[in-house]
Amino acid sequence: MLDNPRSPRVRAVAKLSKRDARTETGLFLLEGPQAVSEALAFRPELVLELYVTPTALERHPALGEAAEAAGLDVEFVTEAVLDVMADTVTPQGVVAVCKQFPVSVKDVFQGVDGTSPRLIAILEEVRDPGNAGTIIRAADSAGADAVIMTGRSVDLYNPKVVRATTGSLFHVPVALGVDLASVIARCAEAGVQVLAADVKGGDLLEARQEGLLAKPTAWLFGNEARGLTDDDLARADRAVVVPIYGHAESMNLATAASVCLYESAFAHRS
């Protein structure tokens, strides 16, 4: 059992909460039994190290079974050690070290079976980790083919982003660090329309009634505070806004993104 919070091994894991360490090593931190279970179920080859307190393993025995099936040793640690490793204030007793695994934009548009994607989420300058992670989770839930995060958005492997995906990070391909103009050009080549979610756009209900949402679509979501620039909006095929029928001043970005993605998912399946 690892019981020294100051050991080099413990410090190396803890450093992964910082972007410099993640960039240097190509690794990232994964916390919590649910997220680790999803990683072991869907991408076990990415999990390099697994640290668990005895109490946590008692609560989640399936985690040990999944690790054994993946050929991964469970490293027992004390609560004090796990507190140092984890990024959260109240960790759940489970921490893993994983390999980063972004996909290329080329792979996104080729698709698994060589067909063009039907539904994509593009994040341009989305800076809030919770929003970014929640949009990835919503895209996964809506059956999206991929998520694309431009280079102006938050780091995908930020611990807060990873936690907010709740394991969806291992379900849906995510491409990183690309330029928005080149992504939109790829969409045009693939016959995928780009709908910008922005307060300057037309009513989402009108777009639905016109049958616009039944087409292959890439939803473009911008910065939480500033939205999308005029240049970004001009690149899109159309701008659409989620209407507010009550008295709320505005809608959270991740909430609006969930509505847009599900409207497309409904249209594609109707």
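The rules behind each value
- Residues numbered from 1 in each chain as written.
- Predicted model: local features only at pLDDT ≥ 70, side-chain atom pairs only at ≥ 80, totals over all residues.
- Heavy atoms only, no water.
- Pairing = 2+ DSSP bridges.
- Helix = DSSP H or I, 4+ residues; strand = E, 2+ residues; numbered from the N terminus.
- Right-handed = clockwise from strand over helix to strand, strands pointing away.
- Axes fitted to C-alpha atoms, helices over the stretch in contact; angles between N-to-C directions.
- Contact = heavy atoms within 4.5 Å.
- Expected span 1.5 Å × (residues − 1).
- Buried < 20%, exposed > 50% of the residue type's maximum accessible area, 1.4 Å probe, protein only.
- Polar contact = N/O pair within 3.5 Å; in protein donor to acceptor, adjacent residues only side chain to side chain.
- Phe/Tyr/Trp six-rings, centres within 6.5 Å; stacked < 30°, edge-to-face > 60°.
- Salt bridge = Lys/Arg side-chain N within 4 Å of Asp/Glu carboxyl O.
- Parallel < 35°, antiparallel > 145°, perpendicular 65-115°, else oblique.
- Left-handed = near helix turned anticlockwise from the far one by under 90°.
- Core = buried A, V, L, I, M, F, W, Y, C linked by side-chain atoms within 4.5 Å.

Engineer: An account of the pairing of strand β8 (residues 193–203) is needed here, citing residue identities and associated values.
Structural biologist: Where β8 meets strand β9 (residues 217–221), five bridges bridge the pair, whose relative direction is parallel. When the sheet's bridge partners are listed, Val 194 is paired in β9 with Ala 218. Once you follow β8 into helix α11 (residues 204–209) and on to β9, the crossover reads as right-handed.

Engineer: Outline the sheet that holds strand β6 (residues 146–150), listing residues and values.
Structural biologist: With parallel pairing, six strands are arranged side by side in an open sheet as β7-β6-β5-β9-β8-β10. On the outer flanks of this sheet lie β7 (174–178) and β10 (238–241), each paired with one strand and no other. On average, adjacent strands in this sheet sit at an angle of 30° to one another, irrespective of strand direction. Strand contacts of helix α8 (residues 129–141): β5 (119–123) and β6, with the helix running at about 155° to β6, the strand carrying the most contacts.

Engineer: How would you explain helix α13 (residues 253–269) if you had to name every residue and give the values?
Structural biologist: Across its 17 residues, α13 extends 24 Å between first and last C-alpha, which sits within 8% of the 24 Å expected from 1.5 Å per residue. Along α13, the positions that sit buried rather than exposed are Leu 253, Ala 254, Ala 256, Ala 257, Cys 260, Leu 261, Glu 263, Ser 264, Ala 265, Ala 267 and His 268. Between the side-chain oxygen at the start of α13 and the backbone nitrogen of Ala 254 there is a gap of 2.9 Å, and the oxygen is on Asn 252.

Engineer: Quick rundown of the packing of aromatic side chains? Include the residues and the values.
Structural biologist: Considering all chains together, one arrives at seven aromatic pairs under this definition. Plain terms: the ring middles of Phe 28 and Phe 101 are 6.4 Å apart, the flat faces sit at 35° to each other, and that makes the pair tilted. Within this pair, whereas Phe 28 is found in strand β1 (residues 27–31), its partner Phe 101 is found in the loop between β4 (94–99) and α7 (105–110), the two being separated by 73 residues in sequence. Aromatic pair Phe 101 and Phe 170: ring centres 5.5 Å apart, planes at 10°, arrangement stacked. Taken together, the residues Phe 101 in the loop between β4 and α7 and Phe 170 in the loop between α9 (159–165) and β7 connect sequence positions 69 residues apart. For the pair formed by Phe 101 and Phe 170, the shared burial category is buried.

Engineer: Pulling in residues and values, what's your account of the pattern of salt bridges?
Structural biologist: In this structure the tally under the stated criterion is 13 salt bridges. The salt bridge involving Glu 125 is made with Arg 127; its shortest N-O contact spans 3.5 Å. Residue classification places Arg 127 among the partly exposed positions, given a relative accessible area of 44%. Salt-bridge contacts for Glu 263 lead to Arg 208; the nearest nitrogen and oxygen are separated by 3.3 Å. On the criterion of sequence distance, the pair formed by Glu 263 in helix α13 and Arg 208 in helix α11 is long-range, its members being 55 residues apart. In this structure Arg 208 comes out as partly exposed when scored by relative accessible area, which is 43%. Look at the salt bridges and you will find they share partners, linking Glu 124, Glu 125, Arg 127, Arg 152 and Arg 226 into a network.

Engineer: I'd like a rundown of the packing of α8 against α13, residues and numbers included.
Structural biologist: Contact pair α8 / α13: the axes reach a minimum separation of 9 Å and the direction vectors enclose 15°. By the criterion of interaxial angle, the relationship of α8 to α13 is roughly parallel. Every pair of crossing elements has a handedness; the one defined by α8 and α13 is right-handed. Between α8 and α13, the residues in contact are Asn 131, Thr 134, Ile 135, Ala 138, Ala 139 and Ser 141 and Leu 253, Ala 254, Ala 257, Ser 258, Leu 261 and Tyr 262, respectively.

Engineer: Any chance you could break down the sheet that holds strand β2 (residues 47–52) for me, citing the residues and the numbers?
Structural biologist: Read from one edge to the other, the open sheet built from four strands follows the order β1-β4-β2-β3, with strand pairing classed as mixed. A strand with exactly one partner marks an edge of an open sheet, and here the two such strands are β1 and β3 (74–76). Going from strand to strand, the sheet's axes swing by 25° on average, the running direction of each strand aside. Sheet topology places β1 next to β4; five bridges connect them, and they run antiparallel. When the bridges of β4 are listed, Glu 31 appears paired with Val 95.

Engineer: How would you summarise the environment of Ala 138 if you had to cite specific residues and measurements?
Structural biologist: Its location among the elements puts Ala 138 in helix α8. C-alpha separation for the pair Ala 138 and Ser 258, spaced 120 residues apart in sequence, amounts to 5.5 Å. Every residue in contact with Ala 138, bar those within four places of it in the chain, is listed here: Ser 258, Leu 261 and Tyr 262.

Engineer: Requested: an account of the nonpolar core, with residues and values cited.
Structural biologist: In terms of nonpolar packing, the biggest core is built from 59 residues, with Leu 30, Leu 123, Val 147, Met 149, Trp 219, Phe 221 and Leu 261 touching the most fellow members. Here the element with the most residues in this core is α13; it accounts for eight residues. Leave out the neighbours within four places in its chain, and Leu 30 touches Ala 35, Val 36, Ala 39, Val 94, Val 95, Ala 96, Cys 98, Val 162 and Phe 170. The next biggest cluster of nonpolar side chains, apart from the first, holds 21 residues, and it includes Val 105, Ile 122, Val 178 and Val 183.

Take it as geometry only, folks, not as evidence of what the structure does.
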